[in-house]
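Per-entry structural report
Here are the chains, one letter per residue:
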Amino acid sequence: VAALPDPNVALIEGDLREITREAIRAAAGLPDDGAFDVILSDMAPYTSGEHLRDHHRSVRLCEAVLDRVPDLLKPGGHVVMKVFEGTAYPDLLARLRRMFRTVKGFKPKASRDTSTEIYVIAHGFRGRDTTAPTEDAAPERALPPRKPSTGWS
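Residues numbered from 1 in each chain as written. Predicted model: local features only at pLDDT ≥ 70, side-chain atom pairs only at ≥ 80, totals over all residues. Heavy atoms only, no water.

Now for the overall build of the chain. Looking only at helices and strands, the chain features three helices and four strands. Mapped in sequence order, the helices and strands of the chain form the string α-β-α-β-α-β-β. Counting over 153 residues, the chain shows a buried share of 39%. Residue pairs in contact within the chain that sit at least 24 positions apart in sequence constitute 69% of those at least 6 positions apart. Total accessible area on the chain is roughly 9,600 Å²; 54% of this is exposed by carbon and sulfur atoms. (Helix = DSSP H or I, 4+ residues; strand = E, 2+ residues; numbered from the N terminus. Buried < 20%, exposed > 50% of the residue type's maximum accessible area, 1.4 Å probe, protein only. Contact = heavy atoms within 4.5 Å. Areas by Shrake-Rupley, 256 points an atom, 1.4 Å probe, with all protein chains shown as cover.)

With that settled, the discussion passes to the environment of Val 79. Among the secondary structure elements, Val 79 is positioned in strand β2 (residues 73-84). Remark: the alpha-carbon pair of Val 79 and Gly 124, spanning 45 residues in sequence, is separated by 8.9 Å. Beyond its immediate stretch of four places on either side in the chain, Val 79 contacts Ile 39, Val 69, Leu 73, Phe 100, Val 120, Ile 121 and Ala 122.

Once that is clear, we can look at the nonpolar core. In terms of nonpolar packing, the biggest core is built from 28 residues, with Leu 66, Val 69, Val 83, Leu 96 and Phe 100 touching the most fellow members. Going through the elements one at a time, β1 (36-41), α2 (51-72), β2, α3 (89-99), β3 (100-106) and β4 (117-125) are the ones with two or more residues in this core. When residues of this core are assigned to their parent elements, the largest contribution, seven residues, is made by α2. Look past the residues within four positions of Val 69 in its chain and what remains in contact with it is Ile 39, Val 79, Met 99, Phe 100 and Phe 125. (Core = buried A, V, L, I, M, F, W, Y, C linked by side-chain atoms within 4.5 Å.)

Written as structure tokens, this is what we have:
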């Protein structure tokens, strides 16, 4: 947990899959049943240079965030997540749309033109996505080898 000048902001660095919700709440000074207004995830996988593999790893990180959202986000809350665009991006957006009132992708001007990095912004948390598979039910996907991506071109 990093000290920040604003007492309403908590920065927690670590592996989301290993940090308990109780530890997250405690680091933010929230009570046991407390929740956040916003969750911002700038997570990215270690990249391999294989676009498809990197994309799916990125989507799995976003799915891990979404798995935690019901326990950490207030009703009506918001999520911003970084993801690499690719074949699983529409499915990620579909899951977000089941959980949030509005969902859109945003490519910052600061991102390189060749980068597939995009941010997904979701407003108005409605609740848990009951159609999503649990982590135990989601098998690790074997990804075929692929040439390095050229990004947006």
